[in-house]
Structure formats: structure tokens, C-alpha cells
Amino acid sequence: AQADARRVPAASQGTMNNLTFGGWDPVRRRAFAYYETIGGGGGASASKDGASGLHSHMTNTRNTPVESLEQSAPVLVLRYALGRRGGKGKRNGGDGVVKSFRFLVPVTGTLLADRRRTRPYGLAGGSPGRTGSDCVQEAGKRRRVNAKGTFALRAGGELTVETPSGGGWGTEQ
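The rules behind these values
Residues numbered from 1 in each chain as written. Predicted model: local features only at pLDDT ≥ 70, side-chain atom pairs only at ≥ 80, totals over all residues. Heavy atoms only, no water. Helix = DSSP H or I, 4+ residues; strand = E, 2+ residues; numbered from the N terminus. Buried < 20%, exposed > 50% of the residue type's maximum accessible area, 1.4 Å probe, protein only. Polar contact = N/O pair within 3.5 Å; in protein donor to acceptor, adjacent residues only side chain to side chain. Contact = heavy atoms within 4.5 Å. Pairing = 2+ DSSP bridges. Phe/Tyr/Trp six-rings, centres within 6.5 Å; stacked < 30°, edge-to-face > 60°.

Peer 1: So what exactly am I meant to see when it comes to the side chain of glutamate 138 here?
Peer 2: Structurally, the position occupied by glutamate 138 is in strand β6 (residues 133–138). Relative accessible area serves as the criterion here: at 18%, glutamate 138 is assigned to the buried category. In terms of polar contacts, glutamate 138 uses its side chain to reach the backbone amide nitrogen of arginine 154, at 2.5 Å. In this structure, glutamate 138 is in contact with Ala152, Leu153 and Arg154, ignoring residues within four places of it in sequence.

Structural data, given as C-alpha cells:
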């Protein structure tokens, strides 16, 4: 970017937002496990805005349909939408994703995600994107969980993953 910022995009949401969870399904009388990578915002470039809600720095992954997940595991998806706004600039960074789950049985889960402390940088005067955030809610209490760690929730517990947005490119006019 220092040699020619017109050829380099601003920072994206970072690597995959990996989420796994599993437990015992008493209705189906079997163990279950789920793994998903949740997309975020792409960095803007000199020629276009960053894409919203996509996977960056990886390939060969798909978005699991909500209906498929809810039919195969004791979980409800409460919200799945574009979330955190991308960084501003002549070209705006892409928006992150917010995805919330309610678990119908006790689960153990693991997150492996980036850019929860450091904002995705903007380029050529564009502003940085927003960091991600991961929270659980249980028995009316909400708390943050580490982006690289394991959590356990009782039945009825909820998890919300908010992925980072992308950085903006160029000075706004």
C-alpha cells in the first residue's frame, strides 16, 4: 500500500469467524456437533465499496441455511442480518454480520475469531472498520466471551456473534 495504495484494498474483517458447538440431543437421542464460519465485511478499494457479509481470506465454505441448522440440531437462530457498519471513505468498507442463537439443550462451544480488539484499518484516508464482539446471555445476565476460547451454556442460553466490518478507502468528499 505504501508503494501504490490504489492497488491495495483496506483491511477486511480478518480471518474466518469460526464457531463450533455441540451437546446431547434428548429428542433424537444422539450427540450433535456443528461447525460454521461466519462472514464479515470486506475492505474497500480505490474502485469500489467493500462487500458485506462475506468470507474473506478463505474459500470452499458455504452459508448454512437457518432452516437446515434448526432441523438438525436443538438450536434456534434468533437473528441473522448485516450488522456493524463498514469504515467510511470515498469508498465504504463492507458491513459485518450479526448472528444470534438460542440453545434448547446444554451446549459447549468454541470460538476462533479475529479483530475483536484491533479495528480493520482503512487506507488512503479511509476510516477503520469496526471490531467484532461475542456475547452470551444466560438467566438474564449478559457477558462477553473470548474470541479465542470455549464457553458452556445451559438450555435457554443465547450466543450472539457480531463480526467485524471492513475498512474504508480514500478521503470522503
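Okay, back to it.
Peer 1: Help me understand the side chain of serine 165 in this model?
Peer 2: Structurally, serine 165 is set in the segment after β9 (158–162). Relative accessible area serves as the criterion here: at 0%, serine 165 is assigned to the buried category. For serine 165, the side chain forms a polar contact with the main-chain oxygen of arginine 85, separated by 2.9 Å. A polar side-chain atom of serine 165 sits 2.8 Å from the main-chain amide nitrogen of arginine 130.

Peer 1: Hey, could you run me through the pairing of strand β2 (residues 30–38) in this one?
Peer 2: As a general feature of sheets, a regular strand has side chains that alternate between the two faces. As paired strands, strand β1 (residues 17–25) and β2 are joined by 9 bridges and run antiparallel to one another. Within β2, the position partnered with asparagine 18 by the bridge is threonine 37. Hairpin remark: β1 followed by β2, antiparallel, with 4 residues in the connecting loop; positive phi at arginine 29, about 50 degrees.

Peer 1: Just checking my understanding: could you explain the environment of arginine 91 for this structure?
Peer 2: Positionally, arginine 91 belongs in the loop between β3 (75–82) and β4 (97–103). Judged by its relative accessible area of 28%, arginine 91 falls in the partly exposed class. Sequence separation between arginine 91 and alanine 152 is 61 residues, and the spatial gap between their C-alpha atoms is 40 Å. Other than its neighbours up to four places away in sequence, arginine 91 contacts Ala44, Ser45, Ala46, Ser47, Lys48, Asp49, Gly168 and Trp169.

Peer 1: Explain the packing of aromatic side chains here, please?
Peer 2: The geometry of two aromatic rings is summed up by the distance between their centres and the angle between their planes. In the structure shown here, the tally under the stated rule is 4 aromatic pairs. Aromatic side chains phenylalanine 21 and phenylalanine 101 sit 5.8 Å apart centroid to centroid with 65 degrees between the ring planes, which places their arrangement in the edge-to-face category. On the criterion of sequence distance, the pair formed by phenylalanine 21 in strand β1 and phenylalanine 101 in strand β4 is long-range, its members being 80 residues apart. Neither residue differs from the other here; phenylalanine 21 and phenylalanine 101 are each classed as buried. Centre to centre, the rings of phenylalanine 21 and phenylalanine 103 are 4.9 Å apart; their planes meet at 70 degrees, and the pair counts as edge-to-face. You can see phenylalanine 21 sitting in strand β1 and its partner phenylalanine 103 sitting in strand β4, a full 82 residues away along the chain. Across this residue pair, the class does not change: phenylalanine 21 and phenylalanine 103 are buried.

Peer 1: Got a minute to help me understand unusual backbone geometry in this structure?
Peer 2: Excluding glycine, most residues fall at negative phi; most peptide bonds, likewise, are trans. Its identity is not glycine, yet arginine 29 carries a phi of approximately 50 degrees, on the positive side. Examined against the element boundaries, arginine 29 turns out to sit in the loop between β1 and β2. Judged by relative accessible area, arginine 29 falls into the exposed class, the value being 68%. Notably, alanine 139 is not glycine yet its phi reads approximately 55 degrees, a positive angle.

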